[in-house]
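# Survey of secondary and tertiary structure
These are the residues of each chain, in order.
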Amino acid sequence: MNELKVTLTKNKKAKPDMKNVQFGKVFTDHMFVMEYDAEKGWYDPRIEEFHNFSICPGSAVLHYGSEIFEGMKAYRTSNGEINLFRPSENFKRMNKSATRMTLPNIDEDFALETLKKLVDIDRDWVPKEEGTSLYIRPFMFANDESISVAPISKAEFAIIMSPVANYSKNGLSPQKILIEDSDVRAVRGGTGEVKCGGNYGGAHRAELKAEEKGYNQVLWLDGVERKYIEEVGCMNVMFKIAGKVVTPELTGSILPGITRKSVLHILKDKNIHCEETKISKDDLIKAVKNNTLEEAFGCGTAAVISPIGHLFLDGVDYEINNNKIGDVSQMLYDTIVGIQRGNIEDKYKWILKV
Ligand SMILES: *Cc1c(COP(=O)(O)O)cnc(C)c1O
């Protein structure tokens, strides 16, 4: 592969009001992009002005959905430095997604170096205001100029970045969650355990339905028996039942979240009993009814920890922990955010400085 080429833009955009910027709509001045060809491998890696793609209407991604992505953030520390949180995990997962979707793998070390360079170039875009961050979106898609269903021989890989305001303005506000019992997000053997665009396209309908009923997100059940809890919205989910934290084990249709992995690591380190296991909807209802469901929360890059205050199960709305954030949820949030923001010691070596 040829060397990374950097072309800085002369048209720097005005920065938005970072406290109120709407997530995902404003992009930084630069982006990274490179192309793949089965004969040449990856080529022309470059950082250049943020721009539109020009693709053939027959491009494979537009017809067969061969697209994968990642999501991570750059955080401004109180002394002005910039931290990335476990970014190599994202590129490792991206290659797993690529393999599942028969897209080409990338060189993880090269991607990491490139990312650091890109964030450094746009470092003024990493907001300083409390709770804000710069969202980073690496993605890849098949770009064969043919609508025949054939092996992928051309692809595009890019990284774009977008500032995010404080995700939850009143700190951690408990969410209202509804169990989805008709649509499913994923099935074992499908693509649920990788980050591909199609998983999201197929999930919208249930999310809209939940919103119409006054709920924030859906709790997904497994696609085969419609019995076991899998995820909440686009997050992994955890429950504290009778003093023990449980989370669905990775069965093949659940996305292995980096936040999930970090939470499990912290719980073990703090000697809080936790277990990856199968959790049925009935187990959950039983725990709510006999008052042993002490905490419930989603975990993911966007919100870090998102407490669940209401669960709608089989026609009944149950309040959890008096609609308050629980002690374990709060501790996990404080620990992870503290590490990300450089306010507590990075004892697990999760931070990469830019
Ligand atoms: C990205 C994602 C998560 C969370 O993963 P993190 O690495 O923690 O951000 C969970 N579930 C789904 C479906 C996802 O797409």
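About the cut-offs
- Every chain's residues receive numbers from 1 upward, in the order its sequence appears when written.
- Two thresholds apply to this predicted model, a pLDDT of at least 70 for residue-level local features and 80 or more for giving and counting side-chain atom pairs, whereas whole-chain, interface and lining totals are computed over all residues.
- Hydrogen atoms and water are omitted, and side-chain values are computed over all heavy atoms in the structure.
- Salt bridges are defined as contacts in which a side-chain nitrogen from Lys or Arg sits within 4 Å of a carboxyl oxygen from Asp or Glu.
- Only protein chains enter the accessibility calculation, which uses a 1.4 Å probe; a residue whose area is less than 20% of its type maximum is buried, one above 50% is exposed, and one in between is partly exposed.
- Working definition: helices are DSSP H or I runs of at least four residues, strands are E runs of at least two. Numbering for both runs from the N terminus.
- In a helix, the anticipated span is given by 1.5 Å times the number of residues less one.
- Whether two residues touch is decided by their heavy atoms; if any such pair falls within 4.5 Å, the residues are in contact.
- Each patch groups residues whose relative accessible area exceeds 30% and which form no salt bridge, using 9 Å between like charges and 5 Å between nonpolar side chains of Val, Leu, Ile, Met, Phe, Trp and Tyr.
- Here the open area of atoms and residues is found with the Shrake-Rupley method and a 1.4 Å probe, where only the protein chains shown may cover a residue.
- Any residue with a heavy atom positioned within 4 Å of a molecule or strand is treated as near that molecule or strand.
- Polar contact is the term for a pair of N or O atoms within 3.5 Å; when the atoms are in protein, one must be able to donate a hydrogen and the other to accept it, and sequence-neighboring residues count only if both atoms are side-chain atoms.
- Nonpolar residues are Ala, Val, Leu, Ile, Met, Phe, Trp, Tyr, Cys and Pro. Charged residues are Asp, Glu, Lys and Arg, and all others, Gly as well, are polar.

### Topic: the pattern of salt bridges
- In this structure the tally under the stated criterion is 18 salt bridges.
- The partner of Arg-86 in a salt bridge is Glu-89, with the nearest N and O atoms 3.9 Å apart. Note on accessibility: Arg-86 and Glu-89 belong to one class, buried.
- Overlapping salt bridges, with partners in common, bring together Arg-86, Glu-89, Lys-92 and Lys-261 in one network.

### Points about helix α6 (residues 258–269)
- A rise of 1.5 Å per residue sets the reference length of α6, with its 12 residues, at 16 Å; its end C-alpha atoms lie 16 Å apart and thus fit the reference within 8%.
- Regarding α6, the residues found buried are Ile-258, Thr-259, Arg-260, Ser-262, Val-263, Leu-264, Ile-266 and Leu-267.
- Backbone geometry just downstream of α6 places Asn-271 in the positive-phi region, at approximately 55°.

### Things to note about the environment of Val-328
- Structurally, Val-328 can be placed in helix α8 (residues 327–340).
- Sequence spacing of Val-328 and Glu-89 is 239 residues, and the spatial spacing of their C-alpha atoms is 24 Å.
- Among all residues touching Val-328, those that are not within four sequence positions of it are Lys-240, Val-245, Leu-267 and Glu-295.

### Brief notes about a nonpolar patch on the surface
- The grouping of Phe-53, Ile-55 and Leu-62 at the surface amounts to a nonpolar patch, some 240 Å² of accessible area in total.
- Position of Ile-55 relative to the elements: it lies in the loop between β3 (41–49) and α1 (60–64).

### A word on the environment of Ile-55
- With a relative accessible area of 31%, Ile-55 lands in the partly exposed category.
- Separated by 88 residues in the primary sequence, Ile-55 and Asn-143 place their C-alpha atoms 7.7 Å from one another.
- Apart from the residues within four sequence positions on either side, Ile-55 is in contact with Val-61, Leu-62, Phe-141 and Asn-143.

### Structural notes on the side chain of Thr-114
- Counting through the fold element by element, Thr-114 comes out in helix α3 (residues 108–121).
- Since its relative accessible area comes to 2%, Thr-114 is described here as buried.
- In contact with Thr-114, not counting residues within four places along its chain, are Leu-4, Phe-32 and Ile-47.

### Thoughts on the site of the ligand
- Looking at the ligand, there are 14 residues lining it, with Lys-195, Tyr-200, Glu-231, Thr-259 and Thr-301 nearest.
- Residue Tyr-200 places a side-chain N or O atom 2.2 Å away from an oxygen atom belonging to the ligand.
- Thr-259 is positioned with one of its side-chain polar atoms (N or O) 2.6 Å from an oxygen atom of the ligand.
- Of the residues assigned to the shell around the ligand, the class counts are five nonpolar, five polar and four charged.

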